[in-house]
Amino acid sequence: MREPRTPPPRTVTFAGPRARWSVTATPVDPGAPARVQAGAARNALRDGDRTVLAGLLPFDVDVAGTFLTGHRERVPEPRADLPAGRLVEDPGARDRYTSAVADVLRRIDSGEVDKVVLSRSVRFETTTPVDPQALLDRLAAVNPAAQGFCADLPVGTLVGASPELLCRRSGREVLSHPLAGSVPRQADPVLDEEAGARLAVSAKDLREHAVVVADIVERLGPLAVVAPVGPPRLVRTPAMWHLGTEVRAHLRDEATDSLDLALALHPTPAVCGTPRRAAAEVIRRLEEGERGGYAGAVGFQDRAGDGAWWVAIRCALVDGRTVRAHAGGGIVAGSDPAAEHAETTAKLRTVLAALARERTTEVLA
Ligand SMILES: C=C(O[C@H]1C=CC=C(C(=O)O)[C@@H]1O)C(=O)O
C-alpha cells in the first residue's frame, strides 16, 4: 500500500510596520474547507508545543485555504530583485467590468441586493519567475503603514499590503478598522486634498461605508460589548483615500479568540456586500475567474488566543512568471460604472507600481 503523501511545507510571512516574521510548516488538513482547517489549526496549537498559528481564510470559507502551526521565524533577506515585466492588455475587460457594474445596479434597483463588491483582475507577465518575498519587501517599503503579507496557497502565493484590519484581539479588547468608500490619490497636492475632502462628505461613499460598520457592529454583538462608534475618518494609502472607522469592543467571554472573531466577521461588506448570501451569489455569477485568496482574511493567533487578521486586499497571486492582481469596489445605489472602473484601476496601482518599480500615482494613469 502507498504511504499517504505528506504535503510540502508552506510559508506565511508578515511584514508589518514593526516586525517581519514567518511560519513555515506542513499545512493543516490541506484539502479541507478553510472553516475546518481553522478549527483543526486551533486544536493543534492548543494541544501541541507550537507557539503560533498563521493562515489565510479564502473569501469563501467552504473552500480550502492555508493554515499552519509553528514558531515565529526571522525572515531571511529576499534572494532576488524583481524581474522586468509588462501588463498584459485585455481589450474587452473595461467594457465587461462596467457592464457587470450596470447589472449590479439593476439588481440593487430591483431589491435583490443593497450592496455588492465587484472585483476584477489584471495579469502582469515577467521575464523570469517572481520571488514573492522580493515583491513583499517592495510592497512593504512603499506602504509602511499597511500590513504586508505573503501566503502560500494551493493555487500560488498571495502577496499584498493590506490597509484594512478585520480584527485584532488583545486579551478581552477587540479592534476592527473597516475601510469602505474611496477615491484615488492625486499627484498634485492641492487636488489631492480636495479629492479627500470631497470623499469625506460624499453621500454615496458614506452610505457604502455605513453598511460595513453596521454589519461589523451587528456580528460582534453576540461576542462582545461594542463601544459607541464615532464618525468615519479619512485614511490615506499611497494610492487611495478611504473612509475608515475604528470599532472597539470588549469580549463577553475570554474564551473567544481572534479566529472566532475573524470567522464571525469575514467576509464583511467591504469585500462581499449585503445581504451577504445574496451578494456572494451575485459575485459568483458576475465576476470573471476565481478570487484566489483575494478578499480573504490573513492573519495569526498565539496560544493565548490573541492575534490579528487583515482583509486580503491590495494583493496579487504570484505563480512563476505570472502575477494576477485583484481589486474591487463597493457598488451601491448611485454608483457610476466608469468611476468604479477608475477606482479599481487606482487600487490596482498598489501592486502594479511595486512590480513596475514606479511611483504609485504614475502607473496606469
Ligand atoms: C475591495 C477592496 O477595497 C475595499 C476596501 C476599501 C475600500 C473599498 C471601496 O471603497 O470599495 C473596498 O470596500 C479592494 O481594494 O479590492
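Residues numbered from 1 in each chain as written. Predicted model: local features only at pLDDT ≥ 70, side-chain atom pairs only at ≥ 80, totals over all residues. Heavy atoms only, no water.

Novice: What am I meant to see in the overall build of the protein here?
Specialist: A tally of helices and strands in the protein yields eight helices and 21 strands. For the protein, the C-alpha radius of gyration of 20 Å lies close to 21 Å, the compact-globule estimate for 365 residues. Oriented by its inertia axes, the alpha-carbon framework of the protein measures out at about 55 × 50 × 40 Å. The buried share among the 365 residues of the protein stands at 53%. Counting contacts in the protein only where the partners sit at least 6 residues apart, residues at least 24 apart contribute 72% of the total. Put simply, the protein shows about 16100 Å² of open surface, and 52% of that area lies on carbon and sulfur atoms. Each charge class in the protein was averaged separately, 46 positive and 47 negative side chains, and the resulting centres sit 1 Å apart. (Helix = DSSP H or I, 4+ residues; strand = E, 2+ residues; numbered from the N terminus. Rg over C-alpha atoms; globule rule 2.2 N^0.38 Å. Buried < 20%, exposed > 50% of the residue type's maximum accessible area, 1.4 Å probe, protein only. Contact = heavy atoms within 4.5 Å. Areas by Shrake-Rupley, 256 points an atom, 1.4 Å probe, with all protein chains shown as cover. Lys, Arg positive; Asp, Glu negative; His and termini not counted. Charge placed at Lys NZ, Arg CZ, Asp CG, Glu CD.)

Novice: It is not clear to me how the site of the ligand should be interpreted in this structure. Could you clarify?
Specialist: Around the ligand, the surrounding shell holds 18 residues, and the nearest of these are Ser 182, Ala 270, Tyr 294, Arg 314 and Gly 328. In the environment of the ligand, an oxygen atom lies 2.9 Å from a nitrogen or oxygen atom belonging to the backbone of Gly 181. Glu 208 has a polar side-chain atom sitting 3.1 Å from an oxygen atom of the ligand. In the complex, 100% of the free accessible area of the ligand, which totals 390 Å², lies under the protein chains. Mapped onto the shell around the ligand, the elements with two or more residues apiece are strand 12 (179-184), strand 21 (322-331) and helix 8 (337-356). (Near = heavy atom within 4 Å. Polar contact = N/O pair within 3.5 Å; in protein donor to acceptor, adjacent residues only side chain to side chain.)

Novice: What am I meant to see in the layout of surface pockets here?
Specialist: Picture a little ball the size of a water molecule; that probe, rolled over the atoms, points out where space is still empty. Reported here for the largest pocket is a volume of approximately 860 Å³. Here the lining of the largest pocket gets six residues from one element, more than from any other, and that element is helix 7 (residues 276-286). Among the residues making up the lining of the largest pocket, the classes are represented as 15 nonpolar, six polar and 10 charged. By volume, the second largest pocket amounts to about 590 Å³. (1 Å grid on protein atoms, 1.4 Å probe; cavity = no way out; pocket = protein on both sides within 12 Å on 5 of 7 lines; lining within 4 Å. Points joined across faces, edges and corners; volume = space filled by probe spheres on them. Nonpolar A, V, L, I, M, F, W, Y, C, P; charged D, E, K, R; others polar.)

Novice: Is there a simple way to explain the confidence of the model for the protein in this structure?
Specialist: Residues shown with low pLDDT carry predicted positions that ought not to be read at fine detail. Chain-level pLDDT for the protein is 94 on average; 96% of the residues reach the 70-or-more range. Taken as a whole, residues 361-365 scores under 50 in pLDDT and shows 15 contacts with residues more than four places along the chain or in a different chain. In the predicted complex, the global pTM is 0.96; the interface-specific ipTM is 0.99. (pLDDT = per-residue confidence, 0-100.)

Novice: I would appreciate a short explanation of the nonpolar core in the present structure.
Specialist: A general feature of soluble globular proteins is that nonpolar side chains tend to end up buried together. Core analysis: the biggest nonpolar cluster contains 71 residues, and Phe 14 and Phe 67 have the highest contact counts within it. With sequence-adjacent residues up to four places away left out, Phe 14 is seen in contact with Ala 19, Arg 20, Trp 21, Ala 54, Gln 147, Gly 148, Phe 149, Val 298, Gly 299, Phe 300 and Trp 310. (Core = buried A, V, L, I, M, F, W, Y, C linked by side-chain atoms within 4.5 Å.)

Novice: Please explain helix 3 (residues 132-142) as it appears in this structure.
Specialist: Three- or four-residue spacings in an α-helix give side chains the same orientation, since the helix completes a turn every 3.6 residues. For helix 3, the full list of buried residues reads Pro 132, Gln 133, Ala 134, Leu 135, Leu 136 and Leu 139. Packed against the buried residues of helix 3 are strand 1 (10-15), strand 2 (20-25), strand 8 (147-153), strand 9 (156-162), strand 20 (315-319) and helix 8. One side-chain oxygen of the residue at the start of helix 3 lies 3.0 Å from the amide nitrogen of Gln 133, identifying that residue as Asp 131.

Novice: Any chance you could explain the packing of helix 1 (residues 34-47) against helix 6 (residues 258-265) here in plain terms?
Specialist: Relative orientation and spacing of two packed helices are given, respectively, by the angle between their axes and the distance between those axes. Following both chains from N to C, one finds helix 1 and helix 6 inclined at 170 degrees, their axes separated by 11 Å at the closest point. Overall, the two elements helix 1 and helix 6 adopt an arrangement that is roughly antiparallel. Every residue of helix 6 that contacts helix 1 at Arg 35, Ala 38 and Arg 42 is listed here: Leu 259, Asp 260 and Leu 263. The residue inventory of the contact of helix 1 with helix 6, partitioned by class, reads three nonpolar, no polar and three charged. (Axes fitted to C-alpha atoms, helices over the stretch in contact; angles between N-to-C directions. Parallel < 35°, antiparallel > 145°, perpendicular 65-115°, else oblique.)

Novice: Explain the sheet that holds strand 14 (residues 233-236) here, please?
Specialist: One open sheet holds the three strands; their spatial order is 12-15-14, and the pairing between them is antiparallel. Of all the strands in the sheet, just strand 12 and strand 14 have a single pairing partner and so form its edges. Averaged over all adjacent pairs, the angle separating strand axes in this sheet is 30 degrees, with direction ignored. Note that strand 12 and strand 15 (residues 240-244) share four bridges and pair antiparallel. Bridge assignment links Leu 179 to a residue of strand 15, and that residue is Gly 244. (Pairing = 2+ DSSP bridges.)

Novice: Please explain the environment of Gly 320 as it appears in this structure.
Specialist: Take Gly 320: it is sitting in the loop between strand 20 and strand 21. Residues Gly 320 and Val 12, 308 residues apart in the sequence, show an inter-C-alpha distance of 17 Å. Apart from residues no more than four positions distant in its own chain, Gly 320 is found in contact with Thr 126, Pro 129 and Val 130.

Novice: Quick question: what am I supposed to make of the sheet that holds strand 10 (residues 165-170) here?
Specialist: In any sheet, the strands associate via hydrogen bonds between backbone groups, in a parallel or an antiparallel arrangement. With antiparallel pairing, the eight strands of this open sheet are ordered in space as 4-3-18-19-10-11-16-13. On the outer flanks of this sheet lie strand 4 (66-70) and strand 13 (224-226), each paired with one strand and no other. Each strand of the sheet is rotated relative to its neighbour by a mean of 15 degrees, with strand direction disregarded. In the sheet, strand 10 pairs with strand 19 (residues 307-311) via four bridges, with the strands oriented antiparallel. Bridged to Arg 169 within strand 19 is Gly 307. Packing of helix 5 (residues 203-220) onto the sheet brings it into contact with strand 11 (173-177), strand 13 and strand 16 (247-251), and relative to strand 16 it is tilted by some 5 degrees. Against the sheet, helix 6 makes contact with strand 3 (52-57), strand 4, strand 10, strand 11, strand 16, strand 18 (297-302) and strand 19, and its axis sits at roughly 155 degrees relative to strand 10, the strand it touches most.

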